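For reference, the chains in residue letters:
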Amino acid sequence: DACLRAGIIPVYCCGELPAEREAGRQEEIVGRQVREALSHLTKEQILKVVIAYEPVWAIGTGVTASNEQAEEMHVFVRSVLAEIWGSETAQQIRILYGGSVSAANADGLFACPNVDGGLVGGASLKVNDFTSICQSANA
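Here is a short report on the structure shown in this document. (Residues numbered from 1 in each chain as written. Predicted model: local features only at pLDDT ≥ 70, side-chain atom pairs only at ≥ 80, totals over all residues. Heavy atoms only, no water.)

In this model helix H5 (residues 67–85) runs 26 Å from its N-terminal to its C-terminal C-alpha over 19 residues, within 8% of the 27 Å that 1.5 Å per residue would give. Along H5, the positions that sit buried rather than exposed are Ala70, Glu71, Met73, His74, Phe76, Val77, Arg78, Val80, Leu81 and Trp85. With its phi angle positive at about 95°, Gly86 sits one or two positions after the end of H5. (Helix = DSSP H or I, 4+ residues; strand = E, 2+ residues; numbered from the N terminus. Expected span 1.5 Å × (residues − 1). Buried < 20%, exposed > 50% of the residue type's maximum accessible area, 1.4 Å probe, protein only.)

What follows is about the environment of Glu27. Relative to the assigned elements, Glu27 resides in helix H3 (residues 26–38). You can call Glu27 partly exposed: its relative accessible area is 40%. Taking the C-alpha atoms as reference points, Glu27 and Thr131, 104 residues apart in sequence, are found 32 Å from one another. When near neighbours in sequence (up to four residues on either side) are disregarded, Glu27 contacts Met73 and Phe76. (Contact = heavy atoms within 4.5 Å.)

The next subject is the environment of Asp129. Inspection of the secondary structure assignment puts Asp129 in helix H8 (residues 127–137). Take Asp129: its relative accessible area is 29%, and that puts it in the partly exposed class. The spatial distance from the C-alpha of Asp129 to the C-alpha of Ala106 is 10.0 Å, given a sequence separation of 23 residues.

A few words now on the packing of H3 against H5. Two numbers describe how H3 lies on H5: the axes approach to 10 Å, and their chain directions differ by 40°. It follows that H3 is oblique to H5 by the angle criterion. As H3 runs across H5, the sense of the crossing is right-handed. Contact residues: Gln26, Glu27, Val30, Gly31, Val34, Arg35 and Leu38 in H3; Met73, Phe76, Val77, Val80, Leu81, Glu83, Ile84 and Trp85 in H5. Of the residues assigned to the contact of H3 with H5, the class counts are ten nonpolar, two polar and three charged. (Axes fitted to C-alpha atoms, helices over the stretch in contact; angles between N-to-C directions. Parallel < 35°, antiparallel > 145°, perpendicular 65-115°, else oblique. Left-handed = near helix turned anticlockwise from the far one by under 90°. Nonpolar A, V, L, I, M, F, W, Y, C, P; charged D, E, K, R; others polar.)

What follows is the structure, given as structure tokens:
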């Protein structure tokens, strides 16, 4: 709320730990995170929030979710948003993937229908890699 009042676009990150993924609990965990952190926002407010699905097991590890895993979780996050604010609003909310996004995997990730872009970490420090990722996002 404070970010929105100050005119700052918040990026809300959600994601599961390795053991939670291995136990098949990723939807339970991420659904709870989204509901608890965001459900109090109005429709006008949520439309100003960017959500990033960042599986903890992929952050800074060089391991990334497969395109299928990323798409499945983005579809799931969008379904949680639809439960709260309706399908039309959920389709307007930007959901990024952040978990070892690289020049090598950006094309595939960004081709997923529900992945609206990437939250790029370490690869943003390498100009050629970051340029390639940006070009993937614009393809």
